[in-house]
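Chain by chain, the residues:
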Amino acid sequence: MKENSAKTTILNILNGISMGVIAALIPAALLGQLMQALSSVWPFATEIINMTTIMQSLLAAISGFCVGYLFKMGPIEMSSIAGAATVASGAVSVQKGAFILNGTGDVINIGITITIAVLVVKLLSGRLGTYNILLMPVLVLLIAGGLGHILLPYVRMITGFIGNIITTFTHLQPHIMGILLGISFAVVIVSPVSSVGLGLAIGVTGISSGAANIGITAAAFTLAIMGFRVNGFGTTIAHFIGTPKIQMANMLEKPVLFIPVIISSGIAGLLAAIFNIQGTPQSAGFGFSGLIGPLAAYEKMNHGIGSVLLLTVLFVIVPIILGLIMRYLFINKFKIIQEKDLYIEAN
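What you see as residue numbers is a count from 1 along each chain, following the sequence as written. Restriction of local features to residues with pLDDT of at least 70 applies here, the model being predicted, together with a cutoff of 80 or more for giving and counting side-chain atom pairs; totals for whole chains, interfaces and linings are based on all residues. To get the side-chain values, all heavy atoms of the structure are used, and hydrogens and water are removed first.

K.L.:
A description of the domain arrangement of the protein chain should follow, citing residues and the corresponding values.
P.N.:
Entries for the protein chain in the domain assignment read domain 1 (1-155) and domain 2 (172-346). Contact between two residues is taken to exist if any of their heavy atoms lie within 4.5 Å; hydrogens are not considered. The interface of domain 1 with domain 2 comprises 15 residues on the first partner and 12 residues on the second. Put simply, buried area is the surface a 1.4 Å probe can reach on two separate parts but cannot reach once they are joined, added for both. Around 1,200 Å² of area is buried between domain 1 and domain 2 when both sides are counted, 76% of it from carbon and sulfur atoms. Salt bridges are defined as contacts in which a side-chain nitrogen from Lys or Arg sits within 4 Å of a carboxyl oxygen from Asp or Glu. Our enumeration of links across domain 1 and domain 2 arrives at zero salt bridges. Think of a polar contact as two N or O atoms within 3.5 Å of one another; within protein, one of them needs to be a possible hydrogen donor and the other a possible acceptor, and neighboring residues in sequence only count if both atoms come from side chains. Counting every contact that joins domain 1 to domain 2 gives zero residue pairs in polar contact (both at pLDDT 80 or more). Elements are defined by DSSP. Helices are runs of H or I of four residues or more, strands are runs of E of two residues or more, and each kind is numbered from the N terminus. At the level of elements, α1 (2-38) and α5 (107-124) are the ones that each hand at least two residues to the side of domain 1 that touches domain 2. With 10 residues, the top contributor of residues to the side of domain 1 that touches domain 2 is α1. All residues other than Ala, Val, Leu, Ile, Met, Phe, Trp, Tyr, Cys, Pro, Asp, Glu, Lys and Arg, Gly among them, are scored as polar; the first ten of these are nonpolar and the last four charged. Grouping the constituent residues of the side of domain 1 that touches domain 2 by class yields 10 nonpolar, five polar and no charged. These domain limits were set by an automatic method or by a database of domain assignments.

Now the structure itself:
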């Protein structure tokens, strides 16, 4: 029973942070480049950019609310967690008496702070009586927010170190790292962990980000094509228009499904490295969803029809071909996987 409770707690925290990351980043990811292009002819585009920037800086608060919601907490508890996460995120700093927004903050430290805050709330729940409304926000802020604030520089140091190692190895061995990052993010996208949060947390950029996105895209098309006969049209396209995470339960129940995903994403990641497809920490982990991966890659390329054609081949045609090959090998020829293994209950 305790094991199930611990598992539920971990999943709620991971899923809540994942929801918060997506909600905070999608507006900027979808509108950022478009508004930048329009800003010279449409003044209000600059205001929209400012709005999406502020939204990104609210990542910690939104994640805290989402986690509290999944735990079915009350408004006071949810707000307390959100406040502690924001204080410890590093997204807001004070300089000469002014509050300065510093991007999204450190996602890993946000996760650590939210975990501490949830434990504090659970420990205090039902023990503060009528003083709950007065003491809960104060205690969660001081304990969880305080510890998170103390840990922030050390966590930043570690995550920055990891990001630098990935960047260094990508420069030294781009093809190998392209394969590894394509596979890693494809596996993460069908797990409870947020691929977007991971990309942001370790700061994958350049080819690392491009390989991550194309790897995820290949995984999405592979799963969609392998299961298209048992899933409806809407569910099938939801794999890449939305997210392949909808296959998470099937993947965990039938681990053999990871094999074609790993092969497809590894090949796609290699191609990303060969063709120098790039991205940003904010775009890494989205894959094809919302066209965020392709748009981020296009921004790093010479704008023109050649770049559009290349991205169409890498983000659409190659993933479709890989999906068809994986379907033929694993379902039709060797019969290692059955189509019903990929069935998703849509209702």
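K.L.:
Got a sec to walk through the packing of aromatic side chains? Specific residues and values, please.
P.N.:
Only the six-membered ring of Trp is used, alongside the rings of Phe and Tyr, when aromatic pairs are assigned; centres must lie within 6.5 Å, and planes under 30 degrees apart are stacked while those over 60 apart are edge-to-face, with the rest tilted. Under the criterion given, the structure shown has four aromatic pairs. For the ring pair F240 and F288, a centre distance of 6.3 Å and an interplane angle of 75° mean the geometry is edge-to-face. Here F240 is found in helix α10 (residues 233-241), whereas its partner F288 is found in the loop between α12 (258-274) and α13 (292-299), with 48 residues between them in sequence. Relative accessible area decides the class of each residue, using a 1.4 Å probe on protein chains only: under 20% of the type maximum gives buried, over 50% gives exposed, and in between gives partly exposed. In this structure F288 comes out as buried when scored by relative accessible area, which is 13%. Clustering of aromatic rings is evident, with ring pairs tying together F221, F240 and F288. Note that K333 overlies the ring of F334, its terminal NZ or CZ placed 5.6 Å from the centroid. Only Lys NZ and Arg CZ are tested; either one counts as a charge over a ring when it is within 6 Å of the ring centre and within 35 degrees of the ring normal.

K.L.:
Kindly report on the pattern of salt bridges, identifying the contributing residues and their values.
P.N.:
Counted under the stated rule, the structure contains two salt bridges. When the shortest N-O distance is used, the salt bridge between D341 and K254 registers 3.9 Å. Of the two residues, D341 is situated in the segment after α14 (305-333) and K254 in the loop between α11 (248-253) and α12; the sequence distance between them amounts to 87 residues. Judged by its relative accessible area of 33%, K254 falls in the partly exposed class. Here E339 ties to R327 by a salt bridge, and the two come within 2.8 Å at their closest N and O atoms. One end of the pair, E339, is in the segment after α14; the other, R327, is in helix α14, and 12 residues separate them in sequence.

K.L.:
An account of the UniProt feature "transmembrane region" (unreviewed entry) in the protein chain is requested, with residue identities and associated values reported.
P.N.:
UniProt positions are given in the numbering used here, feature names are shortened, and annotations may be inferred rather than shown by experiment. Within this numbering scheme, the UniProt entry marks residues 12-36, 48-71, 99-121, 133-155, 176-202, 214-234, 255-277 and 308-330 as carrying the feature "transmembrane region" (unreviewed entry). Structurally, residues 308-330 comprises 100% helix and 0% strand, and the distance from its first C-alpha atom to its last is 32 Å.

K.L.:
Before we move on, could you go through the nonpolar core and cite the residues and values that matter?
P.N.:
In terms of nonpolar packing, the biggest core is built from 42 residues, with I214, M226, M251, I277, F315, I337 and L342 touching the most fellow members. Looking at this core, the elements that each hand over two or more residues are α7 (174-189), α9 (207-226), α12 and α14. No other element matches the 11 residues that α9 contributes to this core. Not counting chain neighbours up to four residues away, the residues in contact with M251 comprise V190, L223, L257, F258 and V261. Buried residues of nine kinds, namely Ala, Val, Leu, Ile, Met, Phe, Trp, Tyr and Cys, make up a nonpolar core once their side-chain atoms join them within 4.5 Å.

K.L.:
Just give me the short version of the side chain of S265, but keep the residues and values in it.
P.N.:
Looking at the secondary structure, you find S265 in helix α12. Look at S265 and you get buried, because its relative accessible area is 0%. Among the polar contacts listed, one links the side chain of S265 to the backbone oxygen of I262, at a separation of 3.2 Å. Setting aside residues no more than four positions away along its own chain, S265 makes contact with G182, I183, A186, G215 and A218.

K.L.:
Quick rundown of the pairing of strand β2 (residues 98-101)? Include the residues and the values.
P.N.:
On a regular strand, one side chain projects to one face of the sheet and the next to the other, so that they alternate. Two strands qualify as a pair provided DSSP detects at least 2 bridges between them. Relative to β2, strand β1 (residues 92-95) runs antiparallel, the two being bridged by four bridges. Its bridge partner being in β2, S93 is matched across the sheet by I100. Turn length for the β1-β2 hairpin, with the two strands adjacent in sequence and antiparallel, is two residues, and the turn residue K96 shows positive phi of about 55°.

K.L.:
How would you sum up α12? Please name residues and give values.
P.N.:
When the terminal C-alpha atoms of α12 are compared, their 24 Å separation across 17 residues agrees well with the 24 Å that a helix rising 1.5 Å per residue should span. Listing the buried residues of α12 in full gives F258, P260, V261, S264, S265, G266, A268, G269, A272 and A273. Each element contacted by the buried residues of α12 is listed here: α7, α9, α11 and α14. Multiplying one less than the number of residues by 1.5 Å gives the expected span of a helix.

K.L.:
Can you break down the packing of helix α3 (residues 59-70) against α5 residue by residue, with the values?
P.N.:
Interaxial angles span 0 to 180 degrees and are taken between N-to-C directions of axes, which are lines fitted to C-alpha atoms, for helices over the stretch in contact. Taken N-terminus to C-terminus, the directions of α3 and α5 make an angle of 35°; their axes are 11 Å apart at the nearest point. Here α3 and α5 pass one another in a crossing that is right-handed. Mapping the contact onto sequence places L59, A60, S63, G64 and V67 in α3 and I110, I114 and V118 in α5. Residue classes in the contact of α3 with α5 are distributed as six nonpolar, two polar and no charged. Handedness of a helix crossing follows the sense of rotation of the near helix relative to the far helix, less than a right angle counterclockwise being left-handed and clockwise being right-handed.

K.L.:
Go over a nonpolar patch on the surface with me, naming the residues and quoting the values.
P.N.:
Patches here are clusters of residues that have more than 30% relative accessible area and form no salt bridge, with a 9 Å joining cutoff for like charges and a 5 Å cutoff for nonpolar side chains (Val, Leu, Ile, Met, Phe, Trp, Tyr). What sets the accessible areas is the Shrake-Rupley method with a 1.4 Å probe; for residues, cover comes only from the shown protein chains. Judged by side-chain polarity, L30, L31, L34, L38, V41, W42, F44 and M51 come together as a nonpolar surface patch covering roughly 730 Å² of accessible area. By residue number, the principal contributor to the nonpolar patch is α1, which donates four residues. Assignment of secondary structure puts L31 in helix α1. Its relative accessible area of 34% is what places L31 among the partly exposed residues.

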